[in-house]
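Below are the chains, spelled out letter by letter.
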Amino acid sequence: PGFAEAWLALGLSYARSGRAESARPCFEKALALDPGNPAASFIFAEFLSGNGDSARAAALYRAALDLEPGYLEAWVNLGALYRDQGNYAKARACYEKAVALAGRDPVPFYSYGLLLEKIGEPLRAQALYLEALSRNPGYGPARAALERRKRRD
């Protein structure tokens, strides 16, 4: 009963099978047992974000980042959450941090490009999509975004 990773895995299993009502208490238990585990905060935040609790999700993403400031996926997901809420300044700050940490990962560049398109900076968005492709030439979402831009122009 005191094994946080088992509670986390059980929560993921429930969440993946569409049983959110059973998943939530498992994530709560995992986090209570191991509050210093950034992955527990991150996974619970993903769950909450997908289930309509964006305020708590944001708090948990920030908690994961407090524990592990280089947690790339948390920066990207927090940026997406802020973008979807219309808080573009906070989203931009998250994406800027994510691209600084990205290494060969194309996702932060693509995600930042989506934000810039949304706020009316299409040329900068295009540059980010191209940067995503330079890191992974087979990254389909960036290629599709460039095709959409080409059709609009």
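What you see as residue numbers is a count from 1 along each chain, following the sequence as written. Totals for whole chains, interfaces and linings use all residues, but because this is a predicted model, local features are given only for residues with pLDDT of at least 70 and pairs of side-chain atoms are given and counted only at 80 or more. Computation of side-chain values: all heavy atoms of the structure, hydrogens and water removed.

Student: Residues and numbers for the side chain of Arg83, please.
Tutor: Its place among the elements puts Arg83 in helix α5 (residues 72-85). You can call Arg83 buried: its relative accessible area is 14%. A polar contact is formed between the side chain of Arg83 and the side chain of Tyr95, at a distance of 3.0 Å. Setting aside anything within four residues of it in sequence, one finds Arg83 in contact with Tyr88, Ala91, Tyr95, Ser111, Leu114, Leu115 and Lys118. The helix and strand labels rest on DSSP assignments: H or I over at least four residues marks a helix, E over at least two residues marks a strand, and numbering proceeds from the N terminus. For every residue, the accessible area obtained with a 1.4 Å probe (protein chains only) is divided by the maximum for its type, and the residue is called buried under 20%, exposed over 50%, and partly exposed between those limits. Any N or O atom pair separated by 3.5 Å or less is treated as a polar contact, with the protein-specific requirement of one donor-capable and one acceptor-capable atom, and with residues adjacent in sequence counted only for side-chain atom pairs. We call two residues in contact whenever any of their non-hydrogen atoms come within 4.5 Å of each other.

Student: Which residues make up the packing of helix α4 (residues 54-67) against α5, and what values do they have?
Tutor: Angles run from 0 to 180 degrees between N-to-C directions of axes, and those axes are lines fitted to C-alpha atoms, restricted for helices to the stretch in contact. Here α4 crosses α5 at 155°, and the two axes come no closer than 10 Å. Of the possible angle classes, the one that applies to α4 and α5 is roughly antiparallel. As for the relative orientation of α4 and α5, their crossing is left-handed in sense. Contact with α4, carried on its side by Ser54, Ala57, Ala58, Tyr61, Arg62 and Leu65, involves Ala74, Trp75, Asn77, Leu78, Leu81, Tyr82 and Gln85 of α5 and no other residues of that element. Between 65 and 115 degrees an angle is taken as roughly perpendicular, under 35 as roughly parallel, over 145 as roughly antiparallel, and anywhere else as oblique. For a crossing to be left-handed, the near helix must be turned anticlockwise from the far one by less than a right angle; the clockwise case is right-handed.

Student: How would you summarise the confidence of the model for the protein chain if you had to cite specific residues and measurements?
Tutor: Confidence scores labelled pLDDT are given residue by residue by the predictor and lie between 0 and 100. On average, residues of the protein chain carry a pLDDT of 96, and 100% of them reach 70 or more. Averaged pLDDT values for the elements of the protein chain fall to 94 in helix α9 (residues 140-152) and rise to 98 in helix α6 (residues 88-101).

Student: Run through the packing of aromatic side chains, naming residues and quoting values.
Tutor: Pairing of aromatic rings covers Phe, Tyr and Trp, the last counted by its six-membered ring, and requires centre-to-centre distances within 6.5 Å; plane angles under 30 degrees mean stacked, over 60 mean edge-to-face, and any other angle means tilted. Applying the stated criterion across every chain yields a total of eight aromatic pairs. For the pair Tyr110 and Tyr139, a centre-to-centre distance of 5.8 Å together with 75° between the ring planes defines the contact as edge-to-face. Taken together, the residues Tyr110 in helix α7 (residues 107-118) and Tyr139 in the loop between α8 (122-135) and α9 connect sequence positions 29 residues apart. Judged on exposure class, the residue Tyr110 and its partner Tyr139 are both buried.

Student: Could you give me a rundown of α9, with the residues and numbers involved?
Tutor: The periodicity of an α-helix, 3.6 residues per turn, causes residues three or four places apart in sequence to face the same way. Given a rise of 1.5 Å per residue, 13 residues ought to cover 18 Å, and the 18 Å separating the end C-alpha atoms of α9 matches this to within 8%. Burial in α9 covers these residues: Ala142, Ala145, Leu146 and Arg149. For α9, the arc enclosing every buried residue in end-on projection is 95°, short of the 170-degree limit, so these residues lie on one face. The exposed set on the far side of α9, more than 90 degrees from its buried face, consists of Lys150 and Arg151. A helix's residues, less one, multiplied by 1.5 Å, set its expected span. Picture the helix axis, draw a direction to every C-beta atom, and the arc is the one those directions span.

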